[in-house]
Structure formats: C-alpha cells, structure tokens
Amino acid sequence: MRHQITGREYAASKYITLHVRREMELMDFLLEQMSGTSKNRVKDLLSGRAVTVDKQLVTRHDHPLKPGMIVMVSRHKRSSELIHKYVRIIYEDKHLVVVEKAPGILSMGVNPSQHSIKTVLDEYFKKRQFKCTAHVVHRLDRDTSGLMMYAKNTDVQQVLEENWHDMVYDRRYVAVLSGTMEREGGTIQSWLRDNKAFVTYSSPTDNGGKLAITHYHTLQTTGNLSLVEMRLETGRKNQIRVHMQDLGHPIVGDKKYGNGTDPIGRMALHAYRLFFHHPVTGETIRLETPFPKEFMRLFQDKQPS
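Everything in this summary refers to the structure shown in the same document. Note that the structure is predicted; figures quoted are calculated from it, not measured.

## Some words on unusual backbone geometry
- A positive phi is found at Gln-129, a non-glycine position, where the angle reads about 60 degrees.
- Non-glycine residue Phe-198 carries a positive phi angle of around 65 degrees.
- Along the polypeptide, Phe-198 turns up in the loop between strand 14 (185-194) and strand 15 (200-203).
- Relative accessible area serves as the criterion here: at 58%, Phe-198 is assigned to the exposed category.

What follows is the structure, given as structure tokens:
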C-alpha cells in the first residue's frame, strides 16, 4: 500500500520527496499525496515557488506528471525573499537570477538612478549582503511581462551574451491578438530595422536590418480575439510586436504597433517560458510561469475554434 504524506508529517519536515507512480496533473498529485492539505494551501505552495519536478521549478497546477518523476516540496520560504510589486524571483543561484517581470517597469534604466528591475535587484542583493550586482543579458519592453534573466557578474554576462542562442534553447511568449487568426500556425521571417523616429519596420527582403524569425501557434479564439503562442528563433527589438502587425493581427493594448484594441488596459504580451543550459554548470534549467489571468478571462467559457 502506498504511503501518503499526512499534514502533520509535512509540517514537521522542511523538504518532502514524492515519487510519481502514474500519469496525472501536479495539483491532483499533491492533494492525493499530502493528505489533509487544502487546495488553497497547495496553490500557495505552487505560487510561492515551493515545488519542483525533477529539480525544475514548477508553478502551474496542471503540469503533467509521468511515472518515474520526482516531486519535491519545500515548506519554508527564505526570510529575505524579495517582495516587490513589479518583480518576483523565479530562480536564483550564485551566478544568475531569473525573475518574473510585471508590466510597467523597465528592464534597465537609461541612467543608474532610474527605477528598473536592475535597481530592484541591486537593492535586494545589498540587503542580503551579496557582493554582486544585476547585469542585463536580454530585455523585455516596459509593458511586456514575463521571464527575464540577469547575470550576477560580468563574466557570466559575457558568456550568456556570446552564447545566447546556444544556451537558451526554448523561449516562448503568449499574446492576445486582435481578430481571428486565418491560420492555426506558421512562421514569419523578415528583416527589421529602425527608422529615424526609432520605429521598427519590417521588410520581406534584406533592408540592411537584422533577420528576425518568429514561429506562432494559435491556442484559442473568441471571434474577435486570438490567444497565440510565439517561439522565437531570433530575439530582435520589437520582433513579436512588429511580426504580429505584419500578420494583420497586432497585440491588443500595443500603443505603438497596435490598432487601438485594448480590452485589459495593458499590452497583452507575456514571456512565459525560458529553457536554457546553465552558463557555468551546464545544467538544464526549465522555467515557466502561468498565462496571465487577465489574458485568460477574455477566453473564459469559450471553446477553442
């Protein structure tokens, strides 16, 4: 008979190791294994970054499990955990940190004193008496949310910048687009270049800009909106925003490349997946965040087309 972890046993232990015996979703597995633990408590554990599957952080309650996987649950949070309106730490070690960025904050300020994720992280490191600072290796627009990585020293920053496309092997976004997509999916390829007004424009032929390639897949539609996943093969400035404009389905809430549709009061673009090989250890790190709730509310009670 399989032993179940009771609420008392769980409370008395800092780490619980659970072995997956059959296919099921993570939420159901935790409720089954941690007898007496409420659904709300399990949700708190997931959102609090307390659950890993095969040593990879997981926050999604519907994460699929297969026999042989190992789930670990940590009851304790660090007292020095970063608590901030715009920034949540998803992964951290002595070499780098990955955060989930909220819309409305810069990745890095124009000047050192300008409020940004970098200044938030630098203050966090200072309070923890870490002798390091945050070094940006890729950026998200102010109004885009999602996963971002920062190096903790210039050596790691340089390794990541020089080997980004080899180390980061799966980087995906989800967006709400205006209108109904004509195709389930496809690939967009064009050359992107900024004009004198710093507006990025696209050309199907080489215009002296940078080649940009975006793969997309339609997840759901409502008739006048589409939920679409994008996988980047290149990471150019404004790449997704311009490519969706090229398709005739701009991102809703995009004031620069959109068409005025703004159902949630923000640009509906979120970087939800970041899979990479660690620049120092070589370990495979797979990080995901849930799709934003305000995106999904637009598609509630709607059936995929």
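## What about helix 2 (residues 26-33)?
- Listed as buried for helix 2 are Leu-26, Met-27, Phe-29, Leu-30 and Gln-33. Buried residues of helix 2, seen end-on, are gathered within an arc of 165 degrees and therefore sit on one face of the element.

## Remarks on the layout of surface pockets
- Taken as a whole, the largest pocket spans an internal volume of roughly 980 Å³.
- Together, 32 residues line the largest pocket, and Thr-59, Pro-290, Phe-291, Pro-292 and Lys-293 are the ones closest to its centre.
- Breaking the lining of the largest pocket down by element, the ones donating at least two residues are helix 3 (39-47), strand 9 (87-92), strand 10 (96-101), strand 12 (145-151) and helix 8 (293-297).
- For the lining of the largest pocket, the class distribution of residues is 10 nonpolar, 9 polar and 13 charged.

## With respect to the packing of aromatic side chains
- With the rule as written, the count across this model stands at 4 aromatic pairs.
- Note on Tyr-169 and Phe-275: the rings are 6.0 Å apart at their centroids and 50 degrees apart in plane angle, and the pair reads as tilted. Note that Tyr-169 is positioned in strand 13 (residues 168-178) and Phe-275 in strand 18 (residues 269-277), a separation of 106 residues in sequence.
- Residue Phe-275 is classed as buried on the basis of its relative accessible area of 12%.
- Taken together, Tyr-124, Phe-125 and Phe-130 form an aromatic cluster joined through their ring pairs.
- In this arrangement the basic side chain of Arg-60 is found over the ring face of Phe-291, its NZ or CZ atom lying 5.4 Å from the centre.

## Some details on a nonpolar patch on the surface
- A grouping of Tyr-15, Ile-70 and Met-72 is seen on the molecular surface, where their side chains present a nonpolar patch of about 260 Å² in accessible area.
- Assignment of secondary structure puts Ile-70 in strand 8 (residues 70-74).
- According to the relative accessible area criterion, Ile-70 is partly exposed, its value standing at 32%.

## Regarding the sheet that holds strand 8
- As summarised here, the arrangement of the 4 strands in space is 2-8-5-6, forming an open sheet in which the pairing is antiparallel. The outermost strands of the open sheet, each flanked by one partner alone, are strand 2 (15-19) and strand 6 (56-57).
- Note that strand 5 (residues 51-53) and strand 8 share 3 bridges and pair antiparallel. Each bridged residue has a counterpart across the sheet, and for Thr-52 the counterpart in strand 8 is Met-72.

## With respect to the nonpolar core
- By size, the foremost hydrophobic cluster in this structure holds 42 residues, and its most contacted members are Val-99, Leu-121, Tyr-150, Met-230 and Ile-251.
- Every element with two or more residues in this core is listed here: strand 9, strand 10, helix 4 (117-127), strand 12, strand 13, strand 17 (225-232), helix 7 (239-247) and strand 18.
- Dropping the residues within four chain positions of it, Tyr-150 is found in contact with Leu-96, Val-97, Val-99, Ser-107, Ile-117, Lys-118, Leu-121, Ala-134, His-135 and Val-136.
- Membership of the second largest hydrophobic core comes to 20 residues, among which are Met-27, Leu-45, Met-69 and Val-73.

## A closer look at the pairing of strand 9
- Counting buried positions over the 6 residues of strand 9 gives 5, a clear majority of the element.
- For strand 9 and strand 10, the ladder comprises 5 bridges, and the chain directions are antiparallel. Considered in strand 10, the bridge of Arg-88 is made with Glu-100.
- Hairpin connection, strand 9 to strand 10: the antiparallel pair is bridged by 3 residues.

## Here's the deal with the environment of Thr-289
- For Thr-289, the position within the fold is in the loop between strand 19 (284-288) and helix 8.
- Classification of Thr-289 as buried rests on a relative accessible area of 0%.
- When near neighbours in sequence (up to four residues on either side) are disregarded, Thr-289 contacts Thr-59, Arg-60, Ile-90, Glu-100, Leu-147, His-270, Ala-271 and Tyr-272.
- Engagement of the side chain of Thr-289 in a polar contact is seen with the side chain of His-270, the distance being 2.8 Å.

## Looking at the pattern of salt bridges
- Evaluated as defined, the whole model comprises 15 salt bridges.
- Here Asp-194 ties to Lys-237 by a salt bridge, and the two come within 2.6 Å at their closest N and O atoms. Taken together, the positions of Asp-194 in strand 14 and Lys-237 in the loop between strand 17 and helix 7 put the pair 43 residues apart, joining distant regions of the chain.
- Taking relative accessible area as the criterion, Asp-194 reaches 29% and is therefore assigned partly exposed.

Conventions used here
- Residues numbered from 1 in each chain as written.
- Predicted model: local features only at pLDDT ≥ 70, side-chain atom pairs only at ≥ 80, totals over all residues.
- Heavy atoms only, no water.
- Helix = DSSP H or I, 4+ residues; strand = E, 2+ residues; numbered from the N terminus.
- Buried < 20%, exposed > 50% of the residue type's maximum accessible area, 1.4 Å probe, protein only.
- Arc of directions from axis to C-beta.
- 1 Å grid on protein atoms, 1.4 Å probe; cavity = no way out; pocket = protein on both sides within 12 Å on 5 of 7 lines; lining within 4 Å.
- Points joined across faces, edges and corners; volume = space filled by probe spheres on them.
- Nonpolar A, V, L, I, M, F, W, Y, C, P; charged D, E, K, R; others polar.
- Phe/Tyr/Trp six-rings, centres within 6.5 Å; stacked < 30°, edge-to-face > 60°.
- Lys NZ or Arg CZ within 6 Å of the ring centre and 35° of its normal.
- Patch = residues over 30% accessible without salt bridge, like charges linked within 9 Å, V, L, I, M, F, W, Y side chains within 5 Å.
- Areas by Shrake-Rupley, 256 points an atom, 1.4 Å probe, with all protein chains shown as cover.
- Salt bridge = Lys/Arg side-chain N within 4 Å of Asp/Glu carboxyl O.
- Pairing = 2+ DSSP bridges.
- Core = buried A, V, L, I, M, F, W, Y, C linked by side-chain atoms within 4.5 Å.
- Contact = heavy atoms within 4.5 Å.
- Polar contact = N/O pair within 3.5 Å; in protein donor to acceptor, adjacent residues only side chain to side chain.

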